[in-house]
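# Per-entry structural report
Here is what each chain is made of, one letter per residue.
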Amino acid sequence: MSDRRTSDPRPTDRGAWRLVAMRDFRVRLRDKGFFISTGITLAVLTVFILLRAFGDEVTPSFDLGITGTDDVAIQRTTAELDDVAEREGVELRVVVWDDVEEAEAAVRSGRLDAALVDGELVGDDAVPTTLTQLVRNALIRVRIAAALEAGGADPSEIDAVLSQPAI
């Protein structure tokens, strides 16, 4: 007795799938519904692509809360945030909060996108990437200005350093 599975190779379909595919393709080409649905799909996709390409760009906008006890530091940070937001083309509304818990409650309720608490950005689920970058850049500029000021640089020199064009 011979074992057929081990001795003889299994016969293939010999291209029957091509025959079925060609028949299916020919049937589709004769079907008016296929052309209509394909045309509608192409028209809708074209409209979406054109709207995306030529549509108005939306300016991102954020509400940011700042808490802290040092009024001078808050003013500097707020000024830098406004400057960086203007450079980046982002609309940013900064609100100063006296109480950390109130600021965090405003974030949880959705009145604020994030809050800057003791140099840390706090968000409800996740802070938007654009806002995170904006705050990071502003805080870096504040620290650079403070270091230059501590090193004896006058305000015009600090301004010249911070107003360099972006790379």
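Look up: the structure comes first, before these words.
This write-up is about the structure you can find in this document. (Residues numbered from 1 in each chain as written. Predicted model: local features only at pLDDT ≥ 70, side-chain atom pairs only at ≥ 80, totals over all residues. Heavy atoms only, no water.)

## Brief notes about the sheet that holds strand 3 (residues 114-117)
Across the sheet, which stays open at both edges, the 4 strands sit in the order 2-1-3-4 with mixed pairing between neighbours. Where the open sheet ends on each side, the last strands, each with one partner, are strand 2 (91-97) and strand 4 (120-122). On average, each strand axis in the sheet is tilted by 25 degrees relative to the strand beside it, whichever way the strands run. Bridging between strand 1 (residues 61-67) and strand 3 involves 4 bridges; their strand directions are parallel. Along strand 3, the bridge assignment pairs Gly-65 with Ala-115. Its contacts with the sheet put helix 5 (residues 100-109) on strand 1, strand 2, strand 3 and strand 4, and the angle it makes with strand 3 is roughly 160 degrees. (Pairing = 2+ DSSP bridges. Helix = DSSP H or I, 4+ residues; strand = E, 2+ residues; numbered from the N terminus. Axes fitted to C-alpha atoms, helices over the stretch in contact; angles between N-to-C directions. Contact = heavy atoms within 4.5 Å.)

## Considering the pairing of strand 1
Counted residue by residue, strand 1 has 5 buried out of 7 residues, so it is predominantly covered. Here 7 bridges tie strand 1 to strand 2, and the two strands are oriented parallel to one another. Paired with Asp-63 across the strands is Arg-93, a residue of strand 2. Handedness of the crossover is the feature at issue here: the chain leaves strand 1, passes through helix 4 (residues 71-88), returns alongside strand 2, and the resulting connection is right-handed. (Buried < 20%, exposed > 50% of the residue type's maximum accessible area, 1.4 Å probe, protein only. Right-handed = clockwise from strand over helix to strand, strands pointing away.)

## Quick word on the environment of Val-142
With respect to the helices, strands and loops of the structure, Val-142 is situated in helix 6 (residues 129-150). Linking Val-142 and Ala-79, residues 63 residues apart in sequence, is a C-alpha distance of 9.3 Å. If we skip the residues at most four places from it in the chain, Val-142 touches Arg-76, Thr-77 and Glu-80.

## A word on the pairing of strand 3
Burial of the side chains of strand 3 extends over both faces: Ala-114 and Leu-116 are buried on one face and Ala-115 and Val-117 on the other. Judged from the 3 bridges that link them, strand 3 and strand 4 form a sheet pairing that is antiparallel. By the bridge assignment, Ala-115 is partnered in strand 4 with Val-122.

## A look at helix 4
Compared with an ideal rise of 1.5 Å per residue, which puts 18 residues at 26 Å, helix 4 spans 25 Å between its outermost C-alpha atoms and is within 8% of the ideal. Inspection of helix 4 places Ile-74, Thr-77, Thr-78, Glu-80, Leu-81, Val-84 and Ala-85 among the buried residues, and these make up the whole buried set. Note on helix 4: the residue one or two positions beyond its end, Gly-89, has a positive phi of about 75 degrees. (Expected span 1.5 Å × (residues − 1).)

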